[in-house]
Amino acid sequence: MFVDALWQTVYMVGLSVVISSLWGIPLGLILVITDTGGIAENIALNRVLAFIVNTTRSIPFVILMFAIIPFTRFITGSAIGATAAIVPLSVAAIPFVARVVETSVREVDSGVIEAAQAMGASPLQIIVKVLVPEALPAIIAGITLTAVNLIGYSAMAGAIGGGGLGDLAIRYGYQRFDMRVLAIIVVILIVFVQGTQLIGDYIAKKVTH
Amino acid sequence: MIRIRQLQKVFTDARGGRVIALENVNLHVKRGEVFGIIGPSGAGKSTLLRCINMLERPTQGSITIDGTEVTGLKGRDLRIIRRQMGMIFQHFNLLSSRTTYRNIAFPLEISGVSDYETKERVEQLLALVGLEDKAKAYPSELSGGQKQRVGIARALATNPKILLCDEATSALDPRTTRSILGLLKSINKEYGLTIVMVTHQVEAVKQACHSVAVIERGKVVEQGRTEELFSRPGTETTRGFLENIRVAEVSGGSFKKPGDTCEVQSRAKEVIKDVC
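Bear in mind the structure is a predicted one, so any value in this text is a computation, not a measurement.

Parameters and conventions
Residues numbered from 1 in each chain as written. Chains lettered and ligands numbered in written order. Predicted model: local features only at pLDDT ≥ 70, side-chain atom pairs only at ≥ 80, totals over all residues. Heavy atoms only, no water. Helix = DSSP H or I, 4+ residues; strand = E, 2+ residues; numbered from the N terminus. Buried < 20%, exposed > 50% of the residue type's maximum accessible area, 1.4 Å probe, protein only. Contact = heavy atoms within 4.5 Å. Buried area = accessible area lost by both parts, 1.4 Å probe. Salt bridge = Lys/Arg side-chain N within 4 Å of Asp/Glu carboxyl O. Polar contact = N/O pair within 3.5 Å; in protein donor to acceptor, adjacent residues only side chain to side chain. Expected span 1.5 Å × (residues − 1). Pairing = 2+ DSSP bridges.

A.B. asks: Just checking my understanding: could you explain the overall build of chain B for this structure?
C.D. replies: Each helix and strand counted, chain B has 10 helices and 10 strands in total. Within chain B, the fraction of its 276 residues that count as buried is 53%. Pairs at least 24 residues apart make up 66% of the contacts formed inside chain B by residues separated by at least 6 positions.

Laid out in structure tokens, this is it:
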């Protein structure tokens, strides 16, 4: 019972981290380079994207989860279950990752970017060879933060039958007043979060020079 | 080699205020020359240097490099011209995520040089700047002088015709400054590289530059051969600079940045009187 639920959570969170990184990292980069004085300045695009990011982040997760059920059904063919939960989790995490990446990339020393420009680097080369590698430790720390947040969110997803540890905690622990189950799940979650953080810290340290 | 005519640069701030950074600047840097641009902080000397490789776009005027007008260049054409110029910086601006080797290889990588050629070239450059044993070190493991050596090697990687130095020795101690200047001079002699050097250190100009332009409030106030200009300064700005260095020589201390010199200058006069 616990093992199945743990795997469902790992599956939901893992896939959501991957999907939100795939969308959030490029989005964060676009937010930086299109801003005033950026290497591909485009104020209109920047404002539109920033507005979408802020709007999505303003919606509480529980509301977002219900609000996008038609979209979830369209993508996965169902609105319940672990796979279906990945959709709202990713939608909530993409703007979060984008902001975290944006902040990390802004921290890259402008002198280094200038040096690359002086060497004749194209905007794409600057993104791939300067911005991302230089900001990588901070980006990884940000994705770890996202993963930990998603573990929390995934418990909420359990509320609409998303499966996983949160679902188990609600059905056995909360609705049937089984405190033992609840306690075990909390312990599993603590270990899970600590483990995620440790792995993230380890990778971030590896890429810091 | 580099010809600058009637260059003007005006910065406009967010509220529409205009700051004239450069006004009617005319300069000619000859091939194979070490050319110094000296002046107090905020005089516009870095802006002038940065106009040469278009990191800063001039508002008016013309800059030609080997007869090619660069002020209108954009995109690909600009990148090609930039690859013919190396640049080194006060704060080195190395990529912290790359080793010495990969920092030097960076300009070769972006111009699509093969791995084999890159390896050969980087090894050559490591030997030139005396950092063969630091190839695998990250910038955080290097001293200031070593970082600037990496910066120089990186700037020379694509065999540029021109090297632009933006306060390249200002963050270094006097001894390291001398060794970096020595390196630049030997590169100039051996490869005939044209060097344009922006600095507020008279010492640096005296040691390395054939010609010098003195710039103040965005205007070139004086220019000529270094020995001539420094032995017969024609303006207050130049004289002020030279007095500074005399303080340093007399008192034996490292000399200070212009701008906070009033007190130092008056003290200097006393010191010099005493000595004489």
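A.B. asks: How should I be thinking about unusual backbone geometry in this particular structure?
C.D. replies: Peptide bonds are, in most cases, trans, and in most cases residues other than glycine have a negative phi. All names here are of chain B. Phi angles above zero are rare outside glycine, and Gln6 is one such case at about 45°. Residue position: Gln6 is located in strand 1 (residues 2-12). For Asn24, which is not glycine, the phi dihedral falls at a positive 45°. Mapped onto the secondary structure, Asn24 falls in strand 2 (residues 18-29).

A.B. asks: Where do I start with the interface of chain B and chain A in this structure?
C.D. replies: Many authors give the size of an interface as the accessible area that is lost as the parts come together. Each side of the interface is counted separately: chain B has 22 residues, and chain A has 19 residues. Both faces combined, the contact of chain B with chain A buries some 1800 Å², and carbon together with sulfur accounts for 58% of it. Together, Arg79, Asn93 and Ile110 of chain B form the three largest contributors to the area buried by chain B at its contact with chain A, with a combined 26%. Our enumeration of links across chain B and chain A arrives at 2 salt bridges. Counting across the chain B and chain A interface gives 9 residue pairs in polar contact (both at pLDDT 80 or more). Mapped by element, the contributors of at least two residues to the side of chain B that touches chain A are helix 2 (75-82), strand 6 (85-89) and helix 3 (100-110) of chain B. The greatest single-element share of the side of chain B that touches chain A, amounting to 4 residues, is contributed by helix 3 of chain B.

A.B. asks: Looking at this structure, how should I read helix 9 (residues 179-206) of chain A?
C.D. replies: Helical geometry note: an α-helix holds 3.6 residues per turn, so side chains three or four residues apart project in the same direction. Residue and element names in this part refer to chain A. Over its 28 residues, helix 9 extends 40 Å from the first C-alpha to the last, a length consistent with the 40 Å expected when each residue adds 1.5 Å. For helix 9, the full list of buried residues reads Val181, Ile185, Phe192, Thr196, Gly200 and Ala204. For helix 9, the elements touching its buried residues are helix 1 (2-33), helix 7 (123-157) and helix 8 (164-174). Between the side-chain oxygen of the N-cap and the backbone nitrogen of Arg180 there are 3.2 Å, and the N-cap of helix 9 in question is Asp178.

A.B. asks: Mind showing me how you'd approach the pairing of strand 1 of chain B here?
C.D. replies: Each regular strand carries side chains that alternate between the two faces of the sheet. Residues and elements named next belong to chain B. Examined bridge by bridge, strand 1 and strand 2 share 8 bridges and lie antiparallel to one another. Residue Ile2 lies in a different strand from strand 2, and its bridge partner there is Val29. The turn linking strand 1 back onto strand 2 is made up of 5 residues, and Gly16 within it adopts a positive phi angle of 90°. Of the strand pairs in this sheet, strand 1 and strand 4 (residues 60-65) are connected by 5 bridges, and their pairing is antiparallel. Each bridged residue has a counterpart across the sheet, and for Gln8 the counterpart in strand 4 is Gln60.

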